[in-house]
Amino acid sequence: MGSSLPPKEANLFKVIVKSYETKQYKKGLKAADAILKKFPEHGETLSMKGLTLNCLDRKSEAYELVRRGLKNDLKSHVCWHVYGLLYRSDREYREAIKCYRNALRIDPDNIEILRDLSLLQAQMRDLTGFVETRQQLLALKPNHRTNWIGFAVAHHLNSNCSKAIDILDAYEGTLEDDYPPENERCEHGEMLLYKVSLLEECGLLDRALEEMYKKEAKIVDKLAFKEQLVSILDKLDRVEDGEKLYRSLLLMNPDNYRYFVGLQKCLGLYSEIGQYTTEAINQLDVLYKSLAEQYSWSYAAKRIPLDFLEGEKFHHAADNYVRPLLTKGVPSLFSDLSPLYDHCGKADILEQLFVELETAVKSTGCFPGRDRKEPPSTLLWILFLLSQHYERRGQHDLALVKIDEAIKHTPTVIDLYSIKGRILKHAGDLVAAAALADEARSMDLADRYLNSECVLRMLEADQVGLADKTAVLFTKDGDQHNNLHDMQCMWYELASGESYFRQGDLGRALKKFLAVEKHYADMTEDQFDFHSYCLRKMTLRAYVSMLKFQDQLHSHSYFHSAATGAIRNEEANSSSMSKSGKRQHAKPVDLDPHGEKLLQVEHPLLEATKYLKLLQNNSSQSLETHILSFELNMRKQKVLLAFQAVKQLIKLDENSPDTHRCLIKFFHRISSLSAPVTDLEKLIWNVLEAERINISLLHGKSLVEVNKSFLEKHKDSLMHRVAAAEMLYLLEPDKKLEAIQLIQDTTNDTAPPNGALGPVGLWRLEDCISVHKLLEQVFHNPEATRSWKARCAEYFPYSTYFEGLKSSAVVGLANGNEYSVPENGDLNHQVVGGSTQNGNLHSFKDLAI
Amino acid sequence: MGISLDCLRDKNLMQLKKLNIALFPVRYNDKYYADALSSGDFTKLAYYSDICVGAIACRLERKEGGSIRVYIMTLGVLAPYTGLGIGTKLLNHVLDFSAKQNISEIYLHVQTNNDEAIAFYKKFGFEITETIENYYTNISPPDCYVLSKLLPVPAAKK
C-alpha cells in the first residue's frame, strides 16, 4: 500500500487508512490532500480520498475520485478494493463482487478482501463462489474457528450436507479434549446442535442420535437438545422413547401444541386431517383426561379434545371448557373456538350450548345444574360469545341483537364496540363500522391496537383523510407519513393504497403499493449484517433458517397484495393513458407527494410485468397470479404467455369461474385473429393447435358447448352462472338478454344445515357487488342493474353499497356516543338497582348548574 | 372477583361518559368532566374484574377563608353490578382520602324521593342539612336535599 511513494508520503498514506478505519474522516482528507499536493495523480491516494468523501455523503465526488484513482493505477488491489467498497455502500453488490475479484487477481491471498467477498457472495446466494472463497480463507488461516465454521456453512448452503459434516468433524478434531472453556460453552453447544441438525437433514439418524448422547453434557441449550432429540427419535420410529421425551417436554411447557401432536403420533393416535375412528376417539379421550389431570394448568389439554370429540361428548366437553372462561371473562374465547365451525355439525351444537347457558344465567343467575351464583359479568360474556357465534354463521341481524344487548348490560366494555364494528363491516356497512371502531378507540386513547383498528376501518370506508389524522395520534412528531413508512407499517400502506385505488387516485395508490415493495427489498437488504455476525456468534441454526426465510420472503401475503395492487394499478394506468394519449401532468413537484411522477412511466405494462415476475416466482399457487398474468399478456398480445397462464389456471382449479373465463376468452380471441402470415405466427399457431388437444375441457366441443356444459355442471352456483352468462354474451352478443336472464334466474338458496353457516342465503356480499358492476359496466343494462340492486338490498339490509334499509346510507349513523340523549325517561329505573343492599345507589345532582 | 379503583385521565375519560349515559338521565357538560379531571384522586373509576362498572366523581370547592370542601357530583354503579359493595368502596375511598387531606366537609345533592340513596349516605354519617326547592328542572319531584358530613378537624389546624 502506498508503496510507490517516498517514506514521508507513505506514512501519510497510512494515516489516511487509519483515519478511515477510525472514522476520523476530516483528518484523512487532510493527509490525502497533503500527498496529492506533491503527487496529484497518485491512484491509491485518490481512491482513498474518494472513499473518505463517500462517508461524508459526497457521493458524486467520491465516484469520480475513485474511478480516477483506479484509472491511474489499474494494477493496485487497493484501488479495486476501494471501488468494491464504494459499490457495496450503495448496495450494488454485483458490481462490488466484480471489483473484489479484480482486486484478488492482483493480491490473491488478501484476507480482508476475501472476507468481504464472501459476505457479498452469501448475500447474493452465489453459493459456489461462496464455497470457494470460504475454502481459501480456511486454507490461509486454519487456526481461526470462524473459518472452519464458515466453510461448513457454505457447503451446507450449497446443498452439500455431508461435506459440511466432514468439515465440522475435522474442526472438532483440532480441539483439545477439555474444550470448550467456560466462556465459550454456549457457542460450542450451538455448533454441536447445528452438526446434529445436519446429520438429521441428510438422513444419518443413527449417527445423529449417537452424537447427541455422546455430546449431551456439552450442549447448553437443554430445551433445544430435547426437541432435537425427539425429532430424531420420531424419524427412527422409537415411539416409546419419544413418548417419554414428549411427556417431559410437556412438563416444561404444557401449552405447546406441537408436543401434544408429537405425543399423539408416538401413541399412534394422530391423523393429519383430524379424522378418527370411534375407537381412536375413545382412546384419545382417555389420554387427554389423564393429561388434563396431570397438567392441570394447561389450557391446551382441555382445548384439544374439542377437536376430535363429536356429538354428545363434544357438547359436554365444550360446556366444561367454556364455563370457567365465561366466568373469568376471556374476550378471545370465540377466536379460540372458531376453528371448530369448520367441523361438520359442531356449529349447531355450540349454538345449542350457548343458548342454554344464556337462558339459565338470565333466569337463575347460575349455569345450568349449578347453584353457585355467577358474577354479573358472566351474562355479558355469554352475550358477547353468542353475538360472534351468529356473526360467524352469517346471521348478522341476530348478532347485532346480541351485541346490543351486551352493550346495554355493560356499556363500558371496549371489545363490544370493536366486535359490533366488525359485524357491520361483514354485513356491508363500512361507514358504520368505521364509526364504531372510532367509538371503541375513544374509550381508551392510550391503546395502539384500537387506534390501528380504527384507522383500518376508516380506510376500508374510504375516509382517507380521517384515517391519516387518526394514525398521526400514535406516531412520533406527528409526521405520520414518513414515520409509518419507517416503521414498515404495511397494513396501513396496503389499506391506504387500496382505498386510493378504489377512488381512482392511481398515483397515490401506486406510491403506497411501491412503498410495501420497498420494505421487502429492505428486508432482503437487512440480512447483510448477519452473514458475519452469526458466524462469529455461532447462532448457526438460526442463521440458516433466517436465510431460508429470506429466500421465501416475497411469497408473504403482504407482498402478494402489494404486487397485485401495483399490477392492477399499472393496468388501469395504461388504459387511461391510451384513452387520453400521453398524459401531461401539470405540476412536477419535486417530492412527488401524490405519486404523479410514478405514473409517468413510459410503459406501465412493462412495470407491471416486473411485479408479475416476482409473483410468478413466489406465489405460483395463487389463482390471482395467473389471472393477472393472463390479463397482462392478453393486453400485450403475448399469446403464448397468456396461454401458459390459462394452463396454470386449469391445473390449479379447472372449476373456478375465473379459469373458465380465461379459457373461453383466450380461445375466442384466438379464433378471431386473422390467419397467420409470418413464420413466427405460424409457429405460434401450431403450438396452440397441438396444445388445444391436451385440454380435456375442450375435447371435441365448440366454445359455446364448453360454456353450456360448464353452466350445466355448476348451475346452482351464482358466480359460476355469472361467468357462464358473461361468456355467453361474449361468444354470442345477440343473446345478451338470455345471458342476463341466466343471472337473474339464480336463486339464493339457504346454506345446508350442519355447516358453519346458519339459516342464511349462500350468496356472498362481495360476489353480489361484482355481479352488480358486471350488469352495469359489461352488460350496460340499467333495468337489470336496478332490479339486481333492489334484490340484493333485501338480502343485505345493512349494505351501504346496495342501500339496504338498515344501512347507514339510509338511516344515517346511529350515534351511540356521548352526544345522544338516552331514550329512557324512566327515572327511578335508572336511579335504583334491584336490591336494597348498600351498594346500589346513584345520587344525581348538579342538574341545575 | 376483585374490585379495584383507578384514576380518571383524559385517556379514559370516555369510560366515565359511558357510565353516566347509562346511569343518569342527564347530560353532563364539559365543566363537569374538567372538574372531575382536576379533582385528582377524589374522582375514581371502579373496576370489577377489569370491567369499568362504576365511578365517583367529585369537585373540590374553595370555601371562604381558604379551606377546601368536597362536593360529590355523581356516584353510581351499573345496574347488573350493584350489591357487590362497589359503591361503598368508592365512597369510603373519598371519605378516607378526604380525611388524609384534612378536608373538613363533604356534601352532595340528592333528589328528595331517592330514599335508597339517602339511606345509603346516612349510613356513612351524612345528614340532611337543607332542602332546596325546584333544584331540578326537568324531573319530578324537582326538590333536593343537601346531605353533608363534617370530618373531624385535625388538632394541628385548630
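- Going by the annotation in an unreviewed UniProt entry, the name recorded for chain B is N-acetyltransferase domain-containing protein, with Dendrobium nobile given as the source organism.

**Considerations on the overall build of chain A**
So, step 1. When helices and strands are tallied, chain A shows 46 helices and 1 strand.
So, step 2. Considering only C-alpha atoms, chain A reaches an extent of 100 × 80 × 75 Å along its principal axes.
So, step 3. Residues classed as buried in chain A amount to 50% of the 849 residues present.
So, step 4. Within chain A, residue pairs in contact and separated by at least 24 positions form 59% of the contacts whose partners lie at least 6 positions apart.
So, step 5. Within the structure as shown, chain A displays about 41600 Å² of accessible surface, and the carbon and sulfur contribution to it stands at 53%.
So, step 6. Of the side chains in chain A, 106 bear a positive and 119 a negative charge, and the two mean positions are spaced by 5 Å.

**With respect to the domain arrangement of chain A**
All names here are of chain A.
So, step 1. According to the domain assignment, chain A consists of domain 1 (7-183) and domain 2 (488-583 + 591-614).
So, step 2. If you average the C-alpha positions of domain 1 and of domain 2, the two centres end up 32 Å apart.
So, step 3. Each side of the interface is counted separately: domain 1 has 16 residues, and domain 2 has 16 residues.
So, step 4. Taken over both partners, the interface formed by domain 1 and domain 2 buries close to 1500 Å², and the fraction arising from carbon and sulfur atoms is 63%.
So, step 5. The largest share of the area that domain 1 buries against domain 2 comes from Leu119, Gln123 and Arg125, three residues that together contribute 36% of it.
So, step 6. The partner of Arg91 in a salt bridge is Asp522, and the shortest N-O contact between them spans 3.6 Å.
So, step 7. Our count for the domain 1 to domain 2 interface comes out at 8 residue pairs in polar contact (both at pLDDT 80 or more).

**Thoughts on the nonpolar core**
So, step 1. Counting residues in hydrophobic clusters, the biggest one holds 172 residues, and the most contacted among them are Ile72, Leu91 and Phe126 of chain B.
So, step 2. With 9 residues, the single largest contributor to this core is helix 22 (residues 377-392) of chain A.
So, step 3. Residue assignment places this core across two domains, with domain 1 (7-183) and domain 2 (488-583 + 591-614) of chain A each supplying three or more.
So, step 4. Ignoring sequence-local partners within four residues, the contact set of Phe126 of chain B consists of Ile72, Leu91, Leu95, Ile106, Leu108, Tyr121, Leu147, Ser148 and Lys149 of chain B.
So, step 5. Listed in part, the 41 residues of the second largest apolar core include Ile16, Ala31, Tyr93 and Leu119 of chain A.

**Some remarks on the pattern of salt bridges**
So, step 1. Counted by the stated rule, this structure contains 64 salt bridges over all chains.
So, step 2. In this structure, Arg303 of chain A and Asp336 of chain A form a salt bridge, with 3.1 Å as the shortest nitrogen-oxygen distance. In this pair, Arg303 of chain A is assigned in helix 17 (residues 300-303) and Asp336 of chain A in helix 20 (residues 333-337), connecting sequence segments 33 residues apart.
So, step 3. Between Glu691 of chain A and Lys647 of chain A there is a salt bridge whose closest N-O contact spans 3.3 Å. Of the two residues, Glu691 of chain A is situated in helix 39 (residues 679-692) and Lys647 of chain A in helix 37 (residues 639-653); the sequence distance between them amounts to 44 residues.
So, step 4. Overall, the relative accessible area of 21% leaves Glu691 of chain A in the partly exposed class.
So, step 5. It is possible to trace a salt-bridge network through shared partners that takes in Lys31, Asp35, Arg59, Glu61, Lys63, Arg69 and Glu105 of chain B.

**Considerations on the pairing of strand 4 (residues 68-77) of chain B**
Residues and elements named next belong to chain B.
So, step 1. The buried count for strand 4 comes to 8 of 10 residues, which makes it a mostly enclosed element.
So, step 2. Sheet analysis places strand 3 (residues 51-62) next to strand 4, joined by 9 bridges and oriented antiparallel. If you follow Leu60 over to strand 4, its bridge partner there is Val70.
So, step 3. From the end of strand 3 to the start of strand 4, which pair antiparallel, there are 5 residues, and Gly65 there has a positive phi angle of about 95 degrees.
So, step 4. For strand 4 and strand 5 (residues 105-111), the ladder comprises 3 bridges, and the chain directions are parallel. Counted as the bridge partner of Arg69 is Glu105 from strand 5.

**Focus on the UniProt feature "repeat: TPR" (unreviewed entry) in chain A**
So, step 1. Sites flagged by UniProt as "repeat: TPR" (unreviewed entry) map to residues 77-110 of chain A.
So, step 2. Helix makes up 79% of residues 77-110 of chain A and strand makes up 0%, while its end C-alpha atoms are separated by 9 Å.

Reading the values: the criteria
- Residues numbered from 1 in each chain as written.
- Chains lettered and ligands numbered in written order.
- Predicted model: local features only at pLDDT ≥ 70, side-chain atom pairs only at ≥ 80, totals over all residues.
- Heavy atoms only, no water.
- Helix = DSSP H or I, 4+ residues; strand = E, 2+ residues; numbered from the N terminus.
- Buried < 20%, exposed > 50% of the residue type's maximum accessible area, 1.4 Å probe, protein only.
- Contact = heavy atoms within 4.5 Å.
- Areas by Shrake-Rupley, 256 points an atom, 1.4 Å probe, with all protein chains shown as cover.
- Lys, Arg positive; Asp, Glu negative; His and termini not counted.
- Charge placed at Lys NZ, Arg CZ, Asp CG, Glu CD.
- Domains from an automatic or database assignment.
- Buried area = accessible area lost by both parts, 1.4 Å probe.
- Salt bridge = Lys/Arg side-chain N within 4 Å of Asp/Glu carboxyl O.
- Polar contact = N/O pair within 3.5 Å; in protein donor to acceptor, adjacent residues only side chain to side chain.
- Core = buried A, V, L, I, M, F, W, Y, C linked by side-chain atoms within 4.5 Å.
- Pairing = 2+ DSSP bridges.
- UniProt positions renumbered as here; feature names shortened; annotations may be inferred.

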